[in-house]
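Residue-level structure breakdown
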Amino acid sequence: MHHLKASSSHSCSCLPIFPGYNSWRGLCNLSVAETFDDFKNEIVDSDIRDKLQELYQHPSNVDLWVGGLLEELVPGSLLGPTFACIIAEQFRRTRAGDR
């Protein structure tokens, strides 16, 4: 387990603790983006993809919550494909652990 050490300079050169949006997409067997245009099927608004590029510089830096909320919904669902995968996996693990 990683422990973060408090610093008086409030700067940290540590790696992110939680995987980002692109990493979760890979874990869910969804496409992993190399460019922001690779998100065009999930985040269809090009202005939003441009803003993500301005804010995050690289697709692997996009926060899971932000990317997941911006996805187009899976037909018949209130979720996009990444959050649908994560929640389905959590239900699967809960059921398996309950036996």
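Residues numbered from 1 in each chain as written. Predicted model: local features only at pLDDT ≥ 70, side-chain atom pairs only at ≥ 80, totals over all residues. Heavy atoms only, no water.

1. Some remarks on the packing of aromatic side chains
If you walk through the whole model with that rule in mind, you get three aromatic pairs. Seen from their ring centres, Phe 36 and Phe 39 are 6.2 Å apart, and the 75° between their planes marks the pair as edge-to-face. Judged on exposure class, the residue Phe 36 and its partner Phe 39 are both buried. Note on Trp 65 and Phe 83: the rings are 5.6 Å apart at their centroids and 35° apart in plane angle, and the pair reads as tilted. Taken together, the positions of Trp 65 in helix H3 (residues 64–70) and Phe 83 in helix H4 (residues 81–97) put the pair 18 residues apart, joining distant regions of the chain. Exposure remark for Trp 65: the relative accessible area of 55% places this residue in the exposed category. The exposure class assigned to Phe 83 is buried, which follows from its relative accessible area of 12%. Through pairs of rings, three or more aromatic residues link up here, namely Tyr 21, Phe 36 and Phe 39. (Phe/Tyr/Trp six-rings, centres within 6.5 Å; stacked < 30°, edge-to-face > 60°. Buried < 20%, exposed > 50% of the residue type's maximum accessible area, 1.4 Å probe, protein only. Helix = DSSP H or I, 4+ residues; strand = E, 2+ residues; numbered from the N terminus.)

2. Comments concerning the nonpolar core
Across soluble globular proteins, you tend to see nonpolar side chains buried next to one another. Counting residues in each nonpolar core, the largest one holds 10 residues, listed as Tyr 21, Ala 33, Phe 36, Phe 39, Ile 43, Leu 52, Tyr 56, Val 62, Leu 64 and Phe 83. Apart from residues lying up to four places away in sequence, Leu 52 is in contact with Phe 36, Ile 43, Gln 57, Val 66 and Leu 70. (Core = buried A, V, L, I, M, F, W, Y, C linked by side-chain atoms within 4.5 Å. Contact = heavy atoms within 4.5 Å.)

3. Notes on the state of the cysteines
Across all of its chains, the model carries one disulfide by this definition. With a sulfur-sulfur separation of 2.1 Å, Cys 28 is cross-linked through a disulfide to Cys 85. Since a negative S-S torsion denotes a left-handed disulfide, the Cys 28-Cys 85 link at about -90° is left-handed. Here Cys 28 is found in the loop between helix H1 (21–27) and helix H2 (46–56), whereas its partner Cys 85 is found in helix H4, with 57 residues between them in sequence. Overall, Cys 28 belongs to the buried group, its relative accessible area being 14%. On the accessibility criterion, Cys 85 (24% relative accessible area) is partly exposed. (Disulfide = S-S within 2.5 Å.)

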